[in-house]
Amino acid sequence: MSDPARVPAILQQPRRHRYLKLIALFKIGHGVLLLLLGISLLFLNARTRWMDFLSNWTATEILMEHSKAVDYLLNKLQAILAGGVLRATGFLALFYAAVLFTEGIGVYMQQRWAEWLMIFATAALIPLEVRHIWHRPSLAAVLILIVNCFIVWFLYFVLRRKPNPVATPVERELAKIT
């Protein structure tokens, strides 16, 4: 990889930093969505009276009190909310959001440890995404798989570059300018 003619254009210095920042922003955005999901799941799980009111209001407004299917679905929703399934899912979403924020901010600041973390965390999810596509194929799932494969491939080649020797802050600034 020391020969500049053999390095793909996407991995050359100015473009590489743009793609790293784009990947970092993608991961931070993903983290924001998971943060919102986790908070909303914990909020709904903690509000059983609110859910009781919502189900009663739905039953009277839609006039579906006599519908066994709607009654069954509402009772199932309340059972799920009363159990710990949504709470556990909410905490898992918050944990993964924290991992995504750590990856995204670290890669945006061009930290090698964050690039390694992102490679392992993203690559670990690829088999799950393939399984998901196998059982429930969709265009969105395929696009997510392609993006995550690109991220792993790109970061692998970025990390293959030789690390810069320890330099003083002045030398690092000079390297950025040139």
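Let us look at the structure shown here. Keep in mind that what you see is a predicted model, and the values were worked out from it rather than measured.

Calculation notes
Residues numbered from 1 in each chain as written. Predicted model: local features only at pLDDT ≥ 70, side-chain atom pairs only at ≥ 80, totals over all residues. Heavy atoms only, no water. Helix = DSSP H or I, 4+ residues; strand = E, 2+ residues; numbered from the N terminus. Buried < 20%, exposed > 50% of the residue type's maximum accessible area, 1.4 Å probe, protein only. Contact = heavy atoms within 4.5 Å. Areas by Shrake-Rupley, 256 points an atom, 1.4 Å probe, with all protein chains shown as cover. Salt bridge = Lys/Arg side-chain N within 4 Å of Asp/Glu carboxyl O.

**Let's talk about the overall build of the protein chain**
- From N to C terminus, the protein chain includes seven helices and zero strands.
- Taking all 178 residues of the protein chain together, 27% fall into the buried category.
- Contacts in the protein chain between residues far apart in sequence, at least 24 positions, make up 72% of those at least 6 positions apart.
- Per element, the accessible surface of the protein chain, about 12,700 Å² overall, is 69% carbon and sulfur.

**Digging into the pattern of salt bridges**
- Taken as a whole and assessed by the stated rule, the structure comprises one salt bridge.
- The closest approach of N and O atoms between Glu-103 and Lys-27, which form a salt bridge, is 4.0 Å. Of this pair, Glu-103 sits in helix α4 (residues 85-108) while Lys-27 sits in helix α1 (residues 13-46), and the two are 76 residues apart along the sequence. Across the pair, Lys-27 and Glu-103 agree in class, each one buried.

**What to know about the side chain of Glu-103**
- Judged by relative accessible area, Glu-103 falls into the buried class, the value being 0%.
- Not counting chain neighbours up to four residues away, the residues in contact with Glu-103 comprise Lys-27, Ala-114, Leu-117, Met-118 and Ala-121.

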